[in-house]
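Chain by chain, the residues run as shown.
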Amino acid sequence: MPGETTCVKCDQPIKGRIIAALGKYWHPEHFICQSCNLPITGDKFNQKDGLPYCEEDYAKLYLKKCGACGNPIKEKVIMALGKEWHEEHFVCTICGKKLAGMNFFEKDGAPYCQNDYNNKFAPKCNNCRKPIIDIAILALGEKWHQDCFKCSKCDKPIMDPTFEVVDEKPICATCSGI
Ligand SMILES: [Zn+2]
Ligand SMILES: [Zn+2]
Ligand SMILES: [Zn+2]
Ligand SMILES: [Zn+2]
Ligand SMILES: [Zn+2]
Ligand SMILES: [Zn+2]
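Every value quoted in this text rests on a predicted model; they were computed, and no experiment measured them.

Asker: How should the pattern of salt bridges be read in this particular structure?
Answerer: Side chains that differ in charge, positive against negative, can pair when their charged atoms come close. For the coordinates displayed, the defined rule picks out two salt bridges. Ionic pairing is found between Asp-57 and Lys-60, a salt bridge with its closest N-O pair at 3.6 Å. You can see Asp-57 and its partner Lys-60 sitting in helix H1 (residues 55-62), three residues apart, about one turn around the helix. Classification of Asp-57 by relative accessible area gives buried; the value is 8%. We note a salt bridge from Glu-87 to Lys-76, for which the minimum N-O separation is 3.7 Å. Of this pair, Glu-87 sits in the loop between strand E6 (83-86) and strand E7 (105-107) while Lys-76 sits in the loop between H1 and strand E5 (77-80), placing them eleven residues apart in sequence. The class of Lys-76 is exposed, set by a relative accessible area of 52%.

Rendered as structure tokens:
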């Protein structure tokens, strides 16, 4: 009937209050969330394919979930390690420092800051016990910083591939006179 307003949901004419939303007209009782079927009140709702959803269900159904807390991400999404994260939840697994936009390291799908990654996963030097980031010297069944693998007599780093071992301590070629 011309001039008559029909509800897009039930196709019946609307008498009384009309909801105009998403470019269509609705009975107030038919303007409902497509997921929980509760009437949408106020103007806070989302739409998908022209149908209304309450904010909560829309977030549950269509927003990316955070890799840390599992909740929908309504604000900025951080993409990292093949997952999406809340900016405030993409943090170092150990110290909790925010890693968005920073250098970070990954182990078993978890993010780490550089310090904690090195402390936890880099090999430790047998002399100073600190993590070895660059070149590790493999000698006497242990790992060493280049500067930490020293002659036990002259205390200089042993660069030569030839050295002697006395009492399980290395002695450089110069000191041992090989
Ligand atoms: Zn209706
Ligand atoms: Zn709902
Ligand atoms: Zn989160
Ligand atoms: Zn950290
Ligand atoms: Zn060292
Ligand atoms: Zn020496």
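More follows now that the structure is in view.
Asker: Would you mind showing me how to read the packing of aromatic side chains here?
Answerer: Two measures describe an aromatic ring pair: the distance that separates the ring centres and the angle between the ring planes. The tally for this structure, following the rule as stated, stands at twelve aromatic pairs. Site record: aromatic cluster; members linked through ring pairs are Phe-105, Tyr-112, Tyr-117 and Phe-121. One Lys or Arg, Lys-48, reaches over the ring of Tyr-62 and ends 4.8 Å from the middle of that ring.

Asker: Even after reading the chapter, I still don't get the domain arrangement of the chain, so can you show me in this structure?
Answerer: Often, the extent of an interface is quoted as the loss of accessible area upon association of its parts. Per the domain assignment, the segments of the chain are domain 1 (19-62), domain 2 (77-121) and domain 3 (136-176). Once you take the C-alpha centre of each, domain 2 and domain 3 turn out to be 37 Å apart.

Asker: Mind showing me how you'd approach the coordination of the zinc ion (ligand 5) here?
Answerer: Metal coordination angles have textbook ideals: 109.5 degrees for a tetrahedral set of four donors and 90 or 180 degrees for an octahedral set of six. Looking at the metal site, the zinc ion (ligand 5) is ligated by Cys-125 (SG), Cys-128 (SG), His-145 (ND1) and Cys-148 (SG), spaced 2.1 to 2.3 Å from it. Its four donor atoms give the zinc ion (ligand 5) angles of 98 to 118 degrees at the centre, a pattern that matches the tetrahedral case. Donor residues binding the zinc ion (ligand 5) come from one chain and are separated in sequence as C-x2-C-x16-H-x2-C. Pair noted here: Cys-125 is in the loop between helix H2 (114-121) and strand E9 (136-139) and His-145 is in strand E10 (residues 142-145), with a separation of 20 residues, a long-range link.

The rules behind the values
- Residues numbered from 1 in each chain as written.
- Chains lettered and ligands numbered in written order.
- Predicted model: local features only at pLDDT ≥ 70, side-chain atom pairs only at ≥ 80, totals over all residues.
- Heavy atoms only, no water.
- Salt bridge = Lys/Arg side-chain N within 4 Å of Asp/Glu carboxyl O.
- Helix = DSSP H or I, 4+ residues; strand = E, 2+ residues; numbered from the N terminus.
- Buried < 20%, exposed > 50% of the residue type's maximum accessible area, 1.4 Å probe, protein only.
- Phe/Tyr/Trp six-rings, centres within 6.5 Å; stacked < 30°, edge-to-face > 60°.
- Lys NZ or Arg CZ within 6 Å of the ring centre and 35° of its normal.
- Domains from an automatic or database assignment.
- Donors = N, O, S within 2.8 Å, 3.2 Å for Na, K, Ca; no water.
- Tetrahedral: all angles 85-135°; square planar, octahedral: opposite > 155°, others 65-115°.

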